[in-house]
Every structure is written in structure tokens, then in C-alpha cells.
Amino acid sequence: MNQSAPPFTLMDINGRAVSLSSFKGKVVFIDFWASWCPPCKVEFPELIRLMERYNGEDVALLAVNVDQKRSHAVDFLKKFSVIPASFHLLLDGESQVIKIYNASAMPTSFILDKNGVVRHIHFGYRETDRKKWIEEIDTLLKQ
Amino acid sequence: MKKKAVWLLAAVSLGAALSGCARVKPWEREYLADPIMQFDYNKEEKSVKEHFLGTREGSTGSFGVSGGGCGCN
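Residues numbered from 1 in each chain as written. Chains lettered and ligands numbered in written order. Predicted model: local features only at pLDDT ≥ 70, side-chain atom pairs only at ≥ 80, totals over all residues. Heavy atoms only, no water.

J.: How would you explain the pairing of strand β3 (residues 27-33) of chain A if you had to name every residue and give the values?
T.: In regular strands, side chains alternate between the two faces of the sheet. Residues and elements named next belong to chain A. Burial within β3 is extensive, with 7 of its 7 residues counted as buried. Here β3 shows two buried faces, one formed by V27, F29, D31 and W33 and the other by V28, I30 and F32. Between the parallel elements β3 and strand β4 (residues 59-65), the chain passes through helix α1 (residues 38-53) in a crossover that is right-handed. Alignment of β3 against strand β6 (residues 108-112), held across 5 bridges, turns out to be antiparallel. Residue pairing across strands places V28 opposite L112, the latter belonging to β6. (Buried < 20%, exposed > 50% of the residue type's maximum accessible area, 1.4 Å probe, protein only. Helix = DSSP H or I, 4+ residues; strand = E, 2+ residues; numbered from the N terminus. Right-handed = clockwise from strand over helix to strand, strands pointing away. Pairing = 2+ DSSP bridges.)

What follows is the structure in C-alpha cells.
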């Protein structure tokens, strides 16, 4: 918390390399999730709604999937027809990045300010989290 | 000598007990989270098994009340 987020580069679901450093100047929401994790399944549509809310603003979401098999993530994502452009689906099947971030729950979310500093961490998912995310992102956008 | 042996045995037992424990990280629980890891992951199969067992045993027990017979219905 209040330290620079560890840098990483991961492949997205379409096979393109995506680096955290390329989002400098934006508020970044990093979410570690898996298709086998029930709270992640509940959280996922909320993340999509969150990004729809911030469409066109300096907010990016990196949804880092830690399923060992890519096909599991792909099957899960078939349920969602429209995913906002600012919603980046990254694959960490070998759990290299989640280890560095040491997520102590599934899902775990990190909210970074525009300078890439971790300002908020959420462990697990509760219905009340959406309200907190919005408050925190709005505050960081104003800074 | 006997005291030493007791200590050695205790140390070996403790070592064996501790080596059996491993902390599983949240992102490593994919296989543990698989429905097949549950005792009754298949509700229908469980229900059928209990029906046949109850019928064969011909007794009332923890599965509820059932009649004796072939277990066909």
C-alpha cells in the first residue's frame, strides 16, 4: 500500500502483450480473478458495469485471470457479449504476477493512482464493494 | 541414553507432522475448488445411492424412511 505497483507484462486474451507501465497517467484497477472462484463470478459483471460507468475517462481495468487453462477463462467469458474497451483481460496462468502481488484472497483488487502507486486494496468481494470502488476511483481521478 | 532416544523420537515425529502441512495460496485452489472434490458433488447420484442403500438395508435410518423391496421406485 502507498508503494509503486510492481511492473509486469502479460498476454491478453487475444495474444497481445500488455504492460502495466503503458497505463501511466490513468487510474488503474487491477483485479486478480479465476473462473473457479465463486465470488469472482459474482464480481465480474460488476467490474464490467464499473468500466461502463467510466467509459471515456482516465480509468483502465486489468482483469488478470489465474486459471491454469486458458480455455476455462474463455468459456467463462462467453457469457459476456460486450466488454468495454478499457477492460483488459490478461492471462497469468502460471501465477507469476499474482505471486508478486501476493494476493491473499480470491479475488483481490488493487487500485492504483495516476502515478502507479497502490492506493487501495480489496480482498474478496462483497456487494458493498462497488460503492467503495466508485468513491475511491472518483477521488483518485480528481488528484 | 533413554532420554536422548525419547527426544530424538519426539523431534522425528514433529518433523514428520510438520512436513505433512503445506499452506495453499488462494490462487492455488483451482483443484480444491473443483465440484468433484465435494463428497456429494452429484446430488442426483447421491440420492439414487441412498435410495438403493436404504431399500437394501430395509430399515429406517439416517437417510429417512423407505420401504423394503427391490428399490425400483
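J.: Before we move on, could you go through a nonpolar patch on the surface and cite the residues and values that matter?
T.: Residues and elements named next belong to chain B. Together, V24, L32, I36, M37 and Y41 make up an exposed nonpolar region whose accessible area comes to about 480 Å². As for its placement among the helices and strands, M37 is situated in the loop between α1 (2-19) and α2 (43-57). For M37, a relative accessible area of 49% gives the class partly exposed. (Patch = residues over 30% accessible without salt bridge, like charges linked within 9 Å, V, L, I, M, F, W, Y side chains within 5 Å. Areas by Shrake-Rupley, 256 points an atom, 1.4 Å probe, with all protein chains shown as cover. Salt bridge = Lys/Arg side-chain N within 4 Å of Asp/Glu carboxyl O.)

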